[in-house]
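Listed below, chain by chain, are the residues.
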Amino acid sequence: MGRTEKKLLGKNAQVIIDIMKKAYSDEMRIFHYFWYVGINMEGIGLVTYAAALKTQATGELLHAELLANRISELGGKAPSNPTEWEKLSTIGPLDPVKHLTLRSALERALKFEGKAVENYNGLAKKALDLGDYVTYNLATTILADEVKDEQHTEDILMSLEVK
């Protein structure tokens, strides 16, 4: 962390780091979920949506990278151990093997996309309150992606039914 940023944030940097470690852990777990389901999807989803899930996985990995870089800028390190990701995560159990059909995969994804929207909104508010405009900008950028992903997932779920 540069000296000016250190002066501005002081001990509040650790507050931001701790919140971002949780977000990083969520992103890494969600990456794994989408990647696993995209590879192992069963039924009609295998033909129609598996590739899209792998693409979505890479988006989650990009979010994790952005968070890891910001954590590093603030003097921390992103969690490296998947066991720690699970402990820090805010999205609950994922177990992708239980969600290999298209509907099940998307219903579960909708839950953690909604949680991501809440979490990034909270991170943005906290960063703004603490005067950390760099993290605020990062949080709102990722928040916009998550809002779009949640809406996309809702749209696909609604269009699954034959009318």
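Calculation notes
Residues numbered from 1 in each chain as written. Predicted model: local features only at pLDDT ≥ 70, side-chain atom pairs only at ≥ 80, totals over all residues. Heavy atoms only, no water. 1 Å grid on protein atoms, 1.4 Å probe; cavity = no way out; pocket = protein on both sides within 12 Å on 5 of 7 lines; lining within 4 Å. Points joined across faces, edges and corners; volume = space filled by probe spheres on them. Helix = DSSP H or I, 4+ residues; strand = E, 2+ residues; numbered from the N terminus. Axes fitted to C-alpha atoms, helices over the stretch in contact; angles between N-to-C directions. Parallel < 35°, antiparallel > 145°, perpendicular 65-115°, else oblique. Left-handed = near helix turned anticlockwise from the far one by under 90°. Contact = heavy atoms within 4.5 Å. Expected span 1.5 Å × (residues − 1).

**Topic: empty space enclosed by the protein**
Link 1 in the chain: Considering all chains together, one arrives at one cavity of 30 Å³ or more under this definition.
Link 2 in the chain: By volume, the largest cavity is sized at about 40 Å³.
Link 3 in the chain: Lining the largest cavity are Ala 23, Asp 26, Glu 27, Ile 30, Ala 116, Asn 119 and Tyr 120.
Link 4 in the chain: Mapped onto the lining of the largest cavity, the elements with two or more residues apiece are α2 (12-40) and α6 (102-130).
Link 5 in the chain: When residues of the lining of the largest cavity are assigned to their parent elements, the largest contribution, four residues, is made by α2.

**Here's the deal with the packing of α2 against α6**
Two quantities define a packed helix pair, namely the angle between the axes and the distance from one axis to the other.
Link 1 in the chain: At a closest axis distance of 11 Å, the pairing of α2 and α6 adopts a crossing angle of 165°. The angle between the axes of α2 and α6 places the two elements in the roughly antiparallel class. Seen along the crossing, α2 lies across α6 with a hand that is left-handed. Of α6, the residues touching α2 (which contributes Asn 12, Val 15, Ile 16, Ile 19, Met 20, Ala 23, Asp 26, Glu 27, Ile 30, Tyr 33, Phe 34 and Val 37) are Ser 104, Ala 105, Arg 108, Ala 109, Phe 112, Glu 113, Asn 119, Tyr 120, Leu 123, Lys 126, Ala 127 and Leu 130.

**Thoughts on the packing of helix α4 (residues 50-73) against helix α7 (residues 133-159)**
Link 1 in the chain: With their axes 11 Å apart at the nearest point, α4 and α7 run at an angle of 170° to one another. As far as their axial angle goes, α7 and α4 are roughly antiparallel. Contacts from Gln 56, Glu 60, His 63, Leu 66, Leu 67, Arg 70 and Glu 73 of α4 reach α7 at Val 134, Thr 135, Leu 138, Ile 142, Asp 145, Glu 146 and Asp 149.

**A look at α6**
Link 1 in the chain: For α6, spanning 29 residues, the distance from its first C-alpha to its last is 41 Å, which sits close to the expected 42 Å at 1.5 Å a residue.
Link 2 in the chain: Just downstream of α6, Gly 131 is the residue with a positive phi angle, here 75°.

All we've got here are geometric facts, nothing functional implied.
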